Amino acid sequence: MQLRRQLGFKLVTFSKELHSFLKFMAANHATVLTTDLAVQWAMNAPRSTDRYTWGRRLMIVRIFARYAHSCDDRHEVPPADILPCPSRRALPYIYSDAEIRALMDAAGKMQPPFRGLTLATFIGLLAVTGMRTGEVHRLNLEDLDLATGIIRIHDAKFNKSRDLPLHPTTVAALSSYLLHRAEFLGKDGPTAAVFLDTLKHRLRDHGVTLYMGDFLEAAGIAPVGRARPRLHDLRHAFATQTLLRWYAQGRDVSVSMPLLSTYLGHVDPQATYWYLTGTTELMGLAEDRLSSAVEKRWES
């Protein structure tokens, strides 16, 4: 895992699952990785009836097994056709501006008041920047330069760093939160993390996702077809709404795409297209552009 981390992989889920498999091997007094052991673990750690989950677990073992086999050929590499793991993309839910406001209002009503303020500000920052949730969780005070309106993101995915310019209203919201944060901390002294829980520790991922279902219900936001609203979908919404705004402004979107990719922290625009869901508005704009291009071609 250390080798893969040096190559830029975060391995958050990978690490947890692989440690689970190694504990399973130890419990079975196994010193050699075999396909049978890998399949047993994949289907029972914990027990699941979801074949996609089985396949994903086995894929993680298979990656490790290839490395282990290169060091000792007694270790088996499970064949790829056992518990296949086809790519499965969750259909994103694209929040409207009104839904984001309702979501923030619901979060802001949490008690005690500082928890509500923290969660509402957290959600708002995700919505207006398209940052990854982990990036917001890891923010430290030194990463905020509110005098110039810049957030500095360090050691993001693939060890990339970037600066994000903020809208004045976002700067004002963050400044207000930091004042309340300082008042909440009181004499306990400074702490590096921007977003804190009620115990004055860094806000963790479960500290937001734990309440997300309640926020969605209070905001009246429900699944639409296969699109089930998630916290991560705020990033999808940011990318899609940015594209719609550019179309409305008459900008050359193909030229501007690298800007959006850079802001989102993507290596190239190809990764950004993953976030651009075919909403009704986008499909309509695409149809208009296609019709216009066809008409110009016939006229020429």
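Residues numbered from 1 in each chain as written. Predicted model: local features only at pLDDT ≥ 70, side-chain atom pairs only at ≥ 80, totals over all residues. Heavy atoms only, no water.

Visitor: Just checking my understanding: could you explain the overall build of the protein for this structure?
Guide: Counting its regular elements, the protein contains 13 helices and three strands. With 300 residues in all, the protein has 39% of them scored as buried. Contacts in the protein between residues at least 24 apart in sequence constitute 57% of all its contacts with a sequence separation of at least 6. Carbon and sulfur atoms make up 56% of the accessible area of the protein, which totals about 17400 Å². (Helix = DSSP H or I, 4+ residues; strand = E, 2+ residues; numbered from the N terminus. Buried < 20%, exposed > 50% of the residue type's maximum accessible area, 1.4 Å probe, protein only. Contact = heavy atoms within 4.5 Å. Areas by Shrake-Rupley, 256 points an atom, 1.4 Å probe, with all protein chains shown as cover.)

Visitor: What is the right way to look at the nonpolar core in this model?
Guide: The biggest cluster of nonpolar side chains holds 57 residues, and the ones touching the most others in it are Y95, I151, F195 and F215. When contributions to this core are tallied by element, the ones reaching two or more residues are α5 (97-108), α6 (113-129), β2 (150-153), α8 (168-185), α9 (206-219), α10 (233-249) and α11 (253-264). Looking at this core element by element, the count peaks at eight residues for α6. Those residues in contact with F195 that lie beyond four places of it in its chain are T118, T121, F122, L125, V136, L139, L174, Y177, H201, R202 and L203. (Core = buried A, V, L, I, M, F, W, Y, C linked by side-chain atoms within 4.5 Å.)

Visitor: Help me out: how do you make sense of unusual backbone geometry in this one?
Guide: Working note: non-glycine residues mostly have negative phi, and peptide bonds are mostly trans. Here Q111 and P112 are connected by a cis peptide whose omega angle stands at 0°. Tracing the backbone through its elements, the reader meets P112 in the loop between α5 and α6. One non-glycine residue, K200, lies in positive phi territory at about 70°. Within the secondary structure layout, K200 lies in the loop between α8 and α9. Taking the relative accessible area as the measure of exposure, K200 reaches 26% and is therefore partly exposed.

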